[in-house]
Amino acid sequence: MSQTPFPIQPGAAPKTGDGLRAGPDHVAIIMDGNGRWAQARGLPRAMGHREGVEALRRAVEACGDLGLGELTVFSFSTENWKRPPQEVETLFDLLRMFVRSDLQRLHRQNVRIRIPGEREGLAGDILELIEEAVDLTAGNSGLTLNIAFNYGGRAELVDGARKLALAVREGRIRPEDIDEAMLGSTLWTAGSRAPDLILRTSGELRLSNFLLWSGAYAELMFLEVNWPDFEHRHLAQAIEAYRRRDRRFGGVGA
Ligand code: FPP
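Predicted model only: the values in this text are computed from it and were never measured.

**Student:** Please explain helix α2 (residues 45-66) as it appears in this structure.
**Tutor:** Owing to its 3.6 residues per turn, the α-helix aligns residues three or four sequence positions apart on the same side. Under the 1.5 Å per step criterion, the end-to-end length of α2 is 31 Å for 22 residues, consistent within 8% with the ideal 32 Å. Two residues or fewer after α2 comes Gly-67, characterised by a positive phi angle close to 75 degrees.

This is the structure in structure tokens:
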């Protein structure tokens, strides 16, 4: 990977004035198609995931170039445990390697890393790496990179519901106090802005349990490219298409 010269700063996203909408500020990506990319080349699936990490590095760089404030990527789902143990281990190893090899550089680039997801069931060394990455970069003010790991939208909502039920049982809140803001504040993705745009690569047309709550009004785009082939131009084109979208949030628009 080429050395990136930028500190990755948010807020430089294109502004309106040309009749197009501003932003997006927060893009979320379902990085799909690693297995097919590898199979098409007669390679083991693990090679597809390895190349997927390279594509992730390119995507982070592209977010900096294109002035995004936040990038969320789906790197391991609560349902991915159903995969063969060897593949699960590969994905865990890739998280380990990514944090060990990229953390200091991302920190120097002012990137804030967050790793939303279920902590239970994760190995001790992974938990330590997650804590190290999150703590080291917590004060950074550039791009926020959310690596959703052991993440599932339904599990996130169940976890939030349990926290609220406990708070009611302990008398800290009343059931009628619960509103969208309060439920949102219990989620693993709390503190993130709602994604403006959710991209999925590989041509599959599903959300697969990704950002069910915060993605309620996200614009969706499905790209035909497999994740390991994802490049700067794919993100740039998606942003261009986003800026032509009419977002009404249930209203009637301008
Ligand atoms: C889906 O492709 C992709 C995943 C389940 C994992 C995505 C992970 C990475 C891109 C690398 C991990 C990065 C870090 C930092 C941990 P698939 O395997 O389901 O592809 P297929 O549908 O073609 O089989």
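**Student:** When you look at the pairing of strand β5 (residues 197-200) in this model, what are you seeing that I'm missing?
**Tutor:** The two faces of the sheet receive side chains in turn, since in a regular strand these alternate between them. Here β5 shows two buried faces, one formed by Leu-197 and Leu-199 and the other by Ile-198 and Arg-200. As paired strands, strand β1 (residues 26-30) and β5 are joined by four bridges and run parallel to one another. Of the residues in β5, the one forming a bridge with Ile-30 is Arg-200. The pairing of β5 with strand β6 (residues 219-222) spans four bridges and is parallel. Paired with Arg-200 across the strands is Phe-222, a residue of β6.

**Student:** So what exactly am I meant to see when it comes to the site of the ligand here?
**Tutor:** In the vicinity of the ligand lie 18 residues, with Met-31, Gly-35, Arg-36, Arg-45 and Arg-83 positioned nearest. Within the side chain of Asp-32, one N or O atom sits 3.2 Å away from an oxygen atom of the ligand. Taking 620 Å² as the accessible area of the ligand by itself, protein coverage stands at 92%. Elements with a contribution of two residues or more to the shell around the ligand: α1 (34-40), α2 and α3 (85-108). Counting residues per element, the shell around the ligand draws most heavily on α2, which supplies five residues. Its residues assigned to classes, the shell around the ligand shows seven nonpolar, seven polar and four charged.

Conventions adopted
- Residues numbered from 1 in each chain as written.
- Predicted model: local features only at pLDDT ≥ 70, side-chain atom pairs only at ≥ 80, totals over all residues.
- Heavy atoms only, no water.
- Helix = DSSP H or I, 4+ residues; strand = E, 2+ residues; numbered from the N terminus.
- Expected span 1.5 Å × (residues − 1).
- Buried < 20%, exposed > 50% of the residue type's maximum accessible area, 1.4 Å probe, protein only.
- Pairing = 2+ DSSP bridges.
- Near = heavy atom within 4 Å.
- Polar contact = N/O pair within 3.5 Å; in protein donor to acceptor, adjacent residues only side chain to side chain.
- Areas by Shrake-Rupley, 256 points an atom, 1.4 Å probe, with all protein chains shown as cover.
- Nonpolar A, V, L, I, M, F, W, Y, C, P; charged D, E, K, R; others polar.

So, to be careful, I would describe these as geometric facts and stop short of saying anything about function.
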